[in-house]
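# Structural overview
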Amino acid sequence: MKLSKGRAFGLWAIGLVLTVIAVNQVWFTLEMQPEDTTVVIQSFSGANTYGYISPTLLLIASQSAFFFFVGPRARFWIGSLSILTTLGFAVALLLEILQQNISSLASAVEAATGIAAQHGIKGVTVVTEIGGYLTLGALALTLVIQSVTLSASRIWPKKVARTERKAVAIKEPEDTISLWDSQR
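Below is a summary of the structure that appears in this document. (Residues numbered from 1 in each chain as written. Predicted model: local features only at pLDDT ≥ 70, side-chain atom pairs only at ≥ 80, totals over all residues. Heavy atoms only, no water.)

## Brief notes about the overall build of the protein
Counting secondary structure elements, the protein contains seven helices and three strands. With 184 residues in all, the protein has 32% of them scored as buried. Of the roughly 12,200 Å² of accessible surface on the protein, a fraction of 62% belongs to carbon and sulfur atoms. (Helix = DSSP H or I, 4+ residues; strand = E, 2+ residues; numbered from the N terminus. Buried < 20%, exposed > 50% of the residue type's maximum accessible area, 1.4 Å probe, protein only. Areas by Shrake-Rupley, 256 points an atom, 1.4 Å probe, with all protein chains shown as cover.)

## Some words on helix α4 (residues 72-99)
The terminal C-alpha atoms of α4 lie 41 Å apart, and with 28 residues this matches the ideal 40 Å at 1.5 Å per residue to within 8%. Once α4 finishes, Q100 follows within two positions and takes phi at roughly 50°, a positive value. (Expected span 1.5 Å × (residues − 1).)

## Details of the environment of T142
Mapping T142 onto the fold places it in helix α6 (residues 130-152). For T142, a relative accessible area of 1% gives the class buried. C-alpha separation for the pair T142 and T86, spaced 56 residues apart in sequence, amounts to 7.9 Å. When near neighbours in sequence (up to four residues on either side) are disregarded, T142 contacts G15, L16, T19 and T86. For T142, the side chain forms a polar contact with the main-chain oxygen of G15, separated by 3.2 Å. (Contact = heavy atoms within 4.5 Å. Polar contact = N/O pair within 3.5 Å; in protein donor to acceptor, adjacent residues only side chain to side chain.)

## Here we look at the side chain of T149
Here T149 is to be found in helix α6. For T149, a relative accessible area of 0% translates into the label buried.

## Digging into a nonpolar patch on the surface
Taken together, L11, I14, V17, L18, I21 and L141 make up a surface patch of nonpolar side chains, about 490 Å² in accessible area. Looking at which element gives the most residues to the nonpolar patch, the answer is helix α1 (residues 5-23), with five residues. Structurally, L141 can be placed in helix α6. (Patch = residues over 30% accessible without salt bridge, like charges linked within 9 Å, V, L, I, M, F, W, Y side chains within 5 Å. Salt bridge = Lys/Arg side-chain N within 4 Å of Asp/Glu carboxyl O.)

## Here we look at the packing of α4 against α6
Orientation of α4 relative to α6, taken along the N-to-C sense of each, is 165°, at an axis distance of 10 Å. With respect to α6, the element α4 is oriented roughly antiparallel. The interaxial crossing formed by α4 with α6 has left-handed handedness. Its residues assigned to classes, the contact of α4 with α6 shows 13 nonpolar, nine polar and one charged. (Axes fitted to C-alpha atoms, helices over the stretch in contact; angles between N-to-C directions. Parallel < 35°, antiparallel > 145°, perpendicular 65-115°, else oblique. Left-handed = near helix turned anticlockwise from the far one by under 90°. Nonpolar A, V, L, I, M, F, W, Y, C, P; charged D, E, K, R; others polar.)

## Let's talk about the nonpolar core
The biggest cluster of nonpolar side chains holds 29 residues, and the ones touching the most others in it are W27, I53, F67, F89 and L93. Sorting the residues of this core by element identifies α1, β1 (26-32), α3 (53-67), α4 and α6 as the ones contributing at least two each. Discounting residues that sit within four places of it in the chain, F67 has contacts with W12, R75, I78, G79, T149, L150, S153 and W156. (Core = buried A, V, L, I, M, F, W, Y, C linked by side-chain atoms within 4.5 Å.)

## Quick word on the packing of aromatic side chains
What characterises a pair of aromatic rings is the spacing of the ring centres plus the angle enclosed by the ring planes. All chains considered together, the criterion is met by nine aromatic pairs. Pairing Y50 with Y52 gives two aromatic rings, centres 6.0 Å apart and planes at 40°, and the pair type is tilted. When its relative accessible area of 29% is taken as the criterion, Y52 is described as partly exposed. Centroid distance F76 to W77: 5.2 Å. Interplanar angle 75°. Geometry classified as edge-to-face. Assessed through its relative accessible area of 59%, W77 is described here as exposed. Here a set of aromatic residues connected by ring pairs shows up, and it is made of W27, F28, Y50, Y52 and F89. (Phe/Tyr/Trp six-rings, centres within 6.5 Å; stacked < 30°, edge-to-face > 60°.)

## Comments concerning the packing of α3 against α4
Relative to each other, α3 and α4 sit at 160°, their axes nearing to 9 Å. Of the possible angle classes, the one that applies to α3 and α4 is roughly antiparallel. Crossing of α3 against α4: the hand is left-handed. Across from I53, T56, L57, L59, I60, Q63, F66 and F67 in α3, the residues of α4 making contact are R75, I78, G79, L81, S82, T85, T86, F89 and L93. In terms of residue class, the contact of α3 with α4 is built from ten nonpolar, six polar and one charged.

So this is what it looks like as structure tokens:
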């Protein structure tokens, strides 16, 4: 499959946009069960839960911008770095989701429940929603796109240096009709 630079850029952008959309979905929900009914206290997106998500996505986006506008040697290193960044980001998010780590939301949990975290919150359940898993899926898709793009970029044509055009020498008209035509 031959992947052009424009199509690769579009696919890379689609992967990043899907990741940004998934990051802003609900990842965790706090629930209580008073009197055998489930009450949702508050929901949190990934962007609200983990402060490092937005800067990391910005880093991956900037790496992609550099990837498409540099030479072949730099393209290999930037593409490899971008793949490693995305892979590390996905692993970090997977660990956060599996551990249901919402420690950064302590003040929001206190405000939602009215109970200070150091006193021990009992009866509050943290439910992991599908948004985190959608983000992991979007990051996996982005990793595949980055890998395919990196391998396809080896056959992209190199930039050709611009050549100077020689100025065309304008010869003087020899007869009066040519002189008349050149002045119109």
